[in-house]
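Okay, here's what each chain looks like letter by letter:
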Amino acid sequence: MSNNTRKQVTIIVDYGKKGNYDIAVNLSKKALHDLQGDGQQTRSDRAVLLNTLALLYRDLEKPLESIPLLEEALRIREELHGAGHMGVAAIANNLAIFYSKTRQYEMAEASCKKALSVKERALGVDSIEVARQVSNLALICQSRHRLEEAEFHFTRALDIYQTSLGQKDKSVLKTMTELGQCYHQQGKVEEAEKFLRQVVTRGDEVEKEGSDTTWPTIRPIVLQCVKSLRELYISTRNTEQLKRTEYVIQKLSRDVKSKHSRIPSHARLPQPSMLPKLSSQPPSRSSPTPPVPVPVPVSKLSNLPPSRASPTPPVLVPKLTNPSRSSPTPPLSRIPRDKQ
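Residues numbered from 1 in each chain as written. Predicted model: local features only at pLDDT ≥ 70, side-chain atom pairs only at ≥ 80, totals over all residues. Heavy atoms only, no water.

(A) Region of interest: the packing of helix 7 (residues 128-143) against helix 9 (residues 170-185). Contact geometry for helix 7 and helix 9: axes closest at 12 Å, N-to-C directions at 25°. Overall, the two elements helix 7 and helix 9 adopt an arrangement that is roughly parallel. For the crossing formed where helix 7 meets helix 9, the hand is left-handed. Every residue of helix 9 that contacts helix 7 at S135, L139 and Q142 is listed here: E178, Q181, C182 and Q185. (Axes fitted to C-alpha atoms, helices over the stretch in contact; angles between N-to-C directions. Helix = DSSP H or I, 4+ residues; strand = E, 2+ residues; numbered from the N terminus. Parallel < 35°, antiparallel > 145°, perpendicular 65-115°, else oblique. Left-handed = near helix turned anticlockwise from the far one by under 90°. Contact = heavy atoms within 4.5 Å.)

Quick look at the structure:
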């Protein structure tokens, strides 16, 4: 990337971070229009600007406008650097995201596998970047209802994360939550409950450690995990533990609104998992429900005995996780893993 293009991208990214997308988009289009010649440097700069504009459109919820830009950027980088270049992997990964957003899952899987192949050769099969790409592939397989493949990829990503990052890293807990949801979809209730409760236990340990930097990043994952546990108990009609999860959800949700909480006021809650429609039905008519649930902290929830009821497989439409961040170009706001 030339120095001039680097400066332009920095300015564009800064406008994007501030929410001035009209200005950022216009600057990107002008920079593309002003590129002169067909030399290697010019084409390389064009690929960078195309990727930058595509990410702006992503922020504006316009994936259909992003796809042709990324397809052109990918062709340019393959012609300039070859199919095994890490810049190719970055664009292919971004393309997989946009294909997935537009439900073009076959093309999304092909692009994701292309990025994975490049990263495995360049970085090694046990690198963190490979784990992130494998996790993305698992989500695509999950969206295509190939749950055994998704389970395999989630397990592989989890093994890499735990080996490299330890037991309480947010990537570990997030992948455990996703794996638990995948087990639930397959009707493997005991396995799902085991992984989800482990996330709650580890999250409770992180909170007790009192870190003002770690817990705010872990809390949304624990909240999403407890919501997944709630859906599991709804599907198995376990009213006792359902009440406990409802209390913990209320507590975790309330923490983010409290000015005394360690959670930053701008922390964004994850979307609840789209699991069974049984959530609109009462769990049981045979036994009365106590009027007030007994407050149970997260630590107590993690120590409860597992459920043994028969499963009802849920339906999950997962969102693709953000890609890895290996690019030298600063990422746009709310696109932490997309690459320039």
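(B) Representation of the packing of aromatic side chains. Summed over all chains, the structure comprises one aromatic pair. Both rings, one in Y183 and one in F195, keep their centres 5.6 Å apart while their planes meet at 35°; by these two values the pair is tilted. Here Y183 is found in helix 9, whereas its partner F195 is found in helix 10 (residues 189-209), with 12 residues between them in sequence. We classify Y183 as buried; its relative accessible area is 9%. (Phe/Tyr/Trp six-rings, centres within 6.5 Å; stacked < 30°, edge-to-face > 60°. Buried < 20%, exposed > 50% of the residue type's maximum accessible area, 1.4 Å probe, protein only.)

(C) Local environment of the environment of A24. By the secondary structure assignment, A24 is in helix 2 (residues 21-34). Along the backbone, A24 and L56 are 32 residues apart, and their C-alpha atoms lie at a distance of 7.6 Å. Apart from residues lying up to four places away in sequence, A24 is in contact with I12, Y15, G16 and L56.

(D) Examining the state of the cysteines more closely. Following the criterion strictly, the structure yields zero disulfides and no others. Of all cysteine sulfurs, the one in C141 lies closest to C112, which takes part in no disulfide; the gap is 8.3 Å. For C182, which is in no disulfide, the shortest distance to another cysteine sulfur is to C141 and amounts to 9.4 Å. Taking relative accessible area as the criterion, C182 reaches 0% and is therefore assigned buried. (Disulfide = S-S within 2.5 Å.)

(E) Here's a closer look at the environment of E151. Note that E151 resides in helix 8 (residues 147-165). Considering only alpha carbons, one finds E151 and S135, 16 residues apart in sequence, at a separation of 9.9 Å. If near-sequence neighbours (up to four positions away) are discounted, E151 is found in contact with L179, C182, Y183, Q186 and K188.

(F) Expanded view of the pattern of salt bridges. Within this structure, the stated rule accounts for 21 salt bridges. Of the charged contacts in the structure, one is a salt bridge between R46 and E72, with a shortest N-O distance of 2.7 Å. With a gap of 26 residues between them, R46 in helix 3 (residues 40-59) and E72 in helix 4 (residues 63-81) connect regions that are remote in the sequence. For R46, a relative accessible area of 28% gives the class partly exposed. The partly exposed category is assigned to E72, whose relative accessible area is 23%. The salt bridge involving E109 is made with R144; its shortest N-O contact spans 2.6 Å. Note that E109 is positioned in helix 6 (residues 105-123) and R144 in the loop between helix 7 and helix 8, a separation of 35 residues in sequence. For R144, a relative accessible area of 31% gives the class partly exposed. (Salt bridge = Lys/Arg side-chain N within 4 Å of Asp/Glu carboxyl O.)

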